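Letter by letter, the chains look like this.
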Amino acid sequence: MNQPSSPDPATIRAEQGDSWDRVAAAWARWWPVFEAAAQPVSDTLVARARLTPGQQVLDVATGIGEPAITAARRVLPGGHIAAADIAPAMLTQAQARAARLGIDNITFHRLDPAHPTPPEGPFDAVVCRWGLMFEPDVPATLKAWRARLRPGGRVAVA
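These notes cover the structure that comes with them. (Residues numbered from 1 in each chain as written. Predicted model: local features only at pLDDT ≥ 70, side-chain atom pairs only at ≥ 80, totals over all residues. Heavy atoms only, no water.)

1. Side note on the overall build of the protein
Here is step 1: The helix and strand tally for the protein stands at 4 helices and 5 strands.
Here is step 2: Element order for the protein, N to C, with α for helix and β for strand: α-β-α-β-α-β-β-α-β.
Here is step 3: Relative to a compact globule of 158 residues, whose C-alpha radius of gyration would be 15 Å, the protein shows 15 Å and is just as compact.
Here is step 4: With the C-alpha coordinates of the protein rotated into their principal frame, the extents come out at 60 × 40 × 25 Å.
Here is step 5: Put simply, the protein has 158 residues, and 45% of those count as buried.
Here is step 6: Taking contacts inside the protein between residues at least 6 apart in sequence as the whole, the part at least 24 apart equals 75%.
Here is step 7: Here the protein displays about 8,300 Å² of accessible surface, and carbon together with sulfur accounts for 57% of that area.
Here is step 8: Here the protein contributes 16 positive and 15 negative side-chain charges, whose respective centroids are spaced 6 Å apart. (Helix = DSSP H or I, 4+ residues; strand = E, 2+ residues; numbered from the N terminus. Rg over C-alpha atoms; globule rule 2.2 N^0.38 Å. Buried < 20%, exposed > 50% of the residue type's maximum accessible area, 1.4 Å probe, protein only. Contact = heavy atoms within 4.5 Å. Areas by Shrake-Rupley, 256 points an atom, 1.4 Å probe, with all protein chains shown as cover. Lys, Arg positive; Asp, Glu negative; His and termini not counted. Charge placed at Lys NZ, Arg CZ, Asp CG, Glu CD.)

2. Here's the deal with the sheet that holds strand E1 (residues 56-60)
Here is step 1: Pairing within the open sheet is parallel, and its 5 strands lie in the order E3-E2-E1-E4-E5. Looking at strand neighbours, the two that pair on one side only are strand E3 (106-110) and strand E5 (149-157), the edges of this open sheet. Between one strand and the next, the sheet's axes are offset by a mean angle of 20°, whatever the strand orientation.
Here is step 2: Pairing of E1 with strand E2 (residues 80-85), which is carried by 5 bridges, proceeds in the parallel orientation. Paired with Gln-56 across the bridge in E2 is His-80.
Here is step 3: Where helix H1 (residues 9-48) meets the sheet, its contacts fall on strand E4 (123-128) and E5, and the angle it forms with E5 comes to roughly 155°.
Here is step 4: This element, helix H4 (residues 138-147), spans E1, E4 and E5 of the sheet and lies at about 140° to E5. (Pairing = 2+ DSSP bridges. Axes fitted to C-alpha atoms, helices over the stretch in contact; angles between N-to-C directions.)

This is the structure in C-alpha cells:
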C-alpha cells in the first residue's frame, strides 16, 4: 500500500504563514488580555538569554511583537532587535505596536524561521516565544539559529 507523502517543510511554512495572516487582526485586538498572562514568558526568555545593553538580538516568530518589544527595552542603549515572522500581517501589527510604544530599536523582517538571515548580525542571542513548536524541521532550524550567533551567544526558547 502506498502511504501518502507528507508536505515538505516549505509548504507547511507557507500554509502556517497564511493561517497567521488571517488571525493577525484578532491577535492585535486581544493583545492586552493575552499579554497580561504571557508577559512573564517574555520576561523569562529575555532573562535566560542574558540580554544586556548594546546587544544584537534575533526574535524568531515574533508574531505581533513579543518578545521583541521586551528585548528591545533590555538592550538599550545601543542594542537592536531583528524581529522576524513568516506572516506579513502579524509583522504589520508588530510594527504598529512598537511605534505606538515609541520603540525604535527594532527592525521587522518577513522570514522563513529555518533560515533567519536578516541583514543584521551576527547576533548575541536568538529568542523565540512559542514559534519553534510550529517548525517542521526543528534540528535544521536550531542549526540555522546557531550559525547566526556570535561565539558565546545564547538561544532562549519557550
